[in-house]
Amino acid sequence: MQFHLNGFEPGDPEIFDRSERYLASGAQGSVPDEVDVLIVGCGPAGQTLAAQLSAFPDIKTCLVEQKPGRMLLGQADGIACRTMEMFHAFGFSERVLKEACWINETTFWKPHDRQDATIVRSGRVQDVEDGLSEFPHVVLNQARVHDFYLDVMRRSATKLEPHYGRRVVAVRPAASGGDGAAQRVTVTLQQLEGAHQGQTETVTASYVVGCDGAHSVVRTSIGHELRGDSANHAWGVMDVLAVTDFPDIRCKSFIQSAHDGTIIIIPREGGYLFRLYIELTKLETGERVASRNITVDELIDKARRIFNPYSLDVKEVPWWSVYEIGQRLTDKFDDVPEEEIATRLPSVFIVGDACHTHSPKAGQGMNVSMQDAFNLGWKLVSVLRKRCPPSLLHTYSAERRAIARELIDFDREWAALLASTHGDGGGTDPVKIQSYFVRSGRYTAGTATHYRPSILTGEPDYQHLAEGFVVGTRFHSAPVIRLADAKPVHLGHVVEADGRFRIFAFAGAGDWAAPNFGIRRLCDFLAEGESPIRKYTPRGEDIDAMIDVRAVFQQAHRDLAIEAVPALLLPQKGRYGLRDYEKMFCADIRGGNDIFAIRGIDREAGCMVVVRPDQYVAHVLPLDGYRQLASFFDGFMLSHSE
Ligand SMILES: Cc1cc2nc3c(=O)[nH]c(=O)nc-3n(C[C@H](O)[C@H](O)[C@H](O)COP(=O)(O)OP(=O)(O)OC[C@H]3O[C@@H](n4cnc5c(N)ncnc54)[C@H](O)[C@@H]3O)c2cc1C
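About the thresholds
- Residues numbered from 1 in each chain as written.
- Predicted model: local features only at pLDDT ≥ 70, side-chain atom pairs only at ≥ 80, totals over all residues.
- Heavy atoms only, no water.
- Near = heavy atom within 4 Å.
- Polar contact = N/O pair within 3.5 Å; in protein donor to acceptor, adjacent residues only side chain to side chain.
- Areas by Shrake-Rupley, 256 points an atom, 1.4 Å probe, with all protein chains shown as cover.
- Nonpolar A, V, L, I, M, F, W, Y, C, P; charged D, E, K, R; others polar.
- Pairing = 2+ DSSP bridges.
- Helix = DSSP H or I, 4+ residues; strand = E, 2+ residues; numbered from the N terminus.
- Axes fitted to C-alpha atoms, helices over the stretch in contact; angles between N-to-C directions.
- Parallel < 35°, antiparallel > 145°, perpendicular 65-115°, else oblique.
- Left-handed = near helix turned anticlockwise from the far one by under 90°.
- Contact = heavy atoms within 4.5 Å.
- Buried < 20%, exposed > 50% of the residue type's maximum accessible area, 1.4 Å probe, protein only.

Q: Please explain the site of the ligand as it appears in this structure.
A: Taken together, 31 residues lie near the ligand, and Ala45, Glu65, Val168, Tyr277 and Asp353 sit nearest. At 2.6 Å from an oxygen atom of the ligand is found a side-chain nitrogen or oxygen belonging to Glu65. Gln75 is positioned with one of its side-chain polar atoms (N or O) 3.0 Å from an oxygen atom of the ligand. In isolation the ligand has 970 Å² of accessible area, and contact with the protein removes 86% of it. Looking at side-chain class alone, the shell around the ligand contains 14 nonpolar, ten polar and seven charged residues.

In structure tokens form, the structure reads like this:
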């Protein structure tokens, strides 16, 4: 898809009439007095969370944002493979795939050996290793990511719209010391727009989530601060439409010059636009980059010097910014101090940049922020719908802070490696940069996240049954054939952002039609009596409303008879009791993509892979691990069978 040829146009490039390219968004009227969840901030974190909650009409959610309306330009643009997997769960990965720029190759440039005022290419690598994800690494304006989330919310059961022009000025957390059950958080908002400008509104909420960025008021209200690098780096970033003879302008490129610092080139959506990240000087402790009054012309001049001997004729700069960013982290991502976890429940959370900040070099900020929200979203849904006890919410800070810590360490190492020596003719060895880039590919792709054993992540005692589905990491999808209609699909794509757990049962060897076949016996167990499905699915709801069971067979689809599969795999659902034909899959043998081989599944024994609502592998168990399966769900779910 090509667009922006005659100048940058914000909004949906598929709409010809520029006045219709973006719809006005925003709720009318005052904010509600009482809600279940108040989300502060309409950045990527706030919108991921809001989109998740918006699917549940029994949860009253309010999203407030100080800006007057939706974002049209700027900020982050890198979308990691893992984030694309999550976008698929929200239903808009195809739109992003179509519109975004795909990052396929990354190139590295260094000063010329003999004429060090010029640059030469020192290497090029494939950007993402083969097989890491079914999705590519792509780049798209953050504003468009916001647009897609706004669409999800608008089309959802709750038709959720943000309340713009509201600044949170005070958050009074629930009183400490109690069990938190009936306590509510009180939030004061100031209206910044319209006839009621300057007036305040008060909202009480069961839960308040601060997705309000690096200068978070919510974070301050619960007594946390961002700690970390005091020596900030200043960065210039500009999106440009320009004419250049630099040959790698449509590839992500790292350029190290001898005397003028480094540039990162990010090709952008539409085929013409590109972004330049220009490293500026290191700031003094406490210094803000704004005090240096850097202009866009200075950024262009610096970029031109680094590009030498290539030309750079900038025609339009639709967005630019100069900002300082350090690697910083808070101690806790909720309002319960470590020493009070056993006696208090969290009611205020912070997410995204409000609790960790990164340099833009590794493209973490937006991606990690959205993953935080995806982690918290299903937990809030489960607690508010009384499927899980409120103590589940402690796992958000425990899981995400550990991940943020790792990513910040990675970011710091990467940023230090890339940092040029500004003018002394030195710099880091480009070969070292290239090799580190390749080694750290899983971090930048977002697939390195690995949750440690907890109530939500089992011990890897049976990991040998499915070596490619590593317990604690995201469920790594693979192709399969759907049994009922022979459609080639990706198994992981059945995991939608709907708050449900999944059990993928992989068949072992033997006669699949025999009564003692592993999957058949598992289905018998799950369908009856005290199984987790019976215990945790509220009466009157579909059998897969809480835990969705899917089976994958080793045989080709024509070697199985749909009429002979266990009833649990052909469940009758909805008002008419219609059969759901999409629970059974076969290995894609003809296509050479046998999931049993690709993901190292034990063909003799088979196994169960339990997947969390945020797509992480919670457990790998033997097909007859009924007791372990039951005790896993007993660890964090509330029974509905009594
Ligand atoms: C100017 C700028 C440029 C950036 N450029 C890049 C870049 O080039 N590359 C990159 O990778 N990352 C960049 N980032 C960082 C990236 O955008 C963030 O990492 C990412 O957006 C984090 O998402 P978030 O939702 O946690 O926070 P944010 O995107 O910061 O969203 C927070 C939202 O909360 C709102 N808010 C704040 N306080 C209040 C309040 N009291 N009441 C109501 N609303 C409030 C803000 O207006 C904002 O919309 C940039 C950030 C900024 C601010």
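Q: Help me out: how do you make sense of the pairing of strand β26 (residues 584–587) in this one?
A: Working note: regular strand, side chains alternate between the two faces of the sheet. Relative to β26, strand β20 (residues 479–482) runs antiparallel, the two being bridged by three bridges. Residue pairing in the sheet places Ile481 in a bridge with Cys586 of β26. Where strand β23 (residues 547–553) and β26 come together, three bridges link them in parallel fashion. Paired with Ala551 across the strands is Met584, a residue of β26.

Q: Hey, could you run me through the packing of helix α8 (residues 394–418) against helix α9 (residues 430–439) in this one?
A: A pair of packed helices can be characterised by two numbers: the angle between their axes and the separation between those axes. The contact between α8 and α9 brings their axes to 10 Å, and the two run at 160 degrees. In terms of orientation, α8 and α9 fall into the roughly antiparallel class. Helix-helix and strand crossings are classified by hand; for α8 and α9 the assignment is left-handed. Contacts between α8 and α9 pair Phe410, Glu413, Trp414, Leu417 and Leu418 from the former with Lys432, Ile433, Tyr436 and Phe437 from the latter. Residue composition of the contact of α8 with α9, by class: seven nonpolar, no polar and two charged.

Q: Got a minute to help me understand unusual backbone geometry in this structure?
A: Generally, phi is negative for residues other than glycine and the peptide bonds are trans, each holding for most cases. That bond from Asn308 to Pro309 is cis: its omega, 15 degrees, falls within 30 degrees of zero. Inspection of the secondary structure assignment puts Pro309 in the loop between α6 (296–307) and β16 (312–325). Not every positive phi belongs to a glycine, and Lys386 is a case in point at roughly 60 degrees. Structurally, the position occupied by Lys386 is in the loop between α7 (365–384) and α8. Assessed through its relative accessible area of 56%, Lys386 is described here as exposed. Residue Ala486 is not a glycine yet carries a positive backbone phi of 60 degrees. Locating Ala486 in the fold gives a position in the loop between β20 and β21 (488–490).

Everything listed here is a matter of geometry and, on its own, says nothing about what the molecule does.
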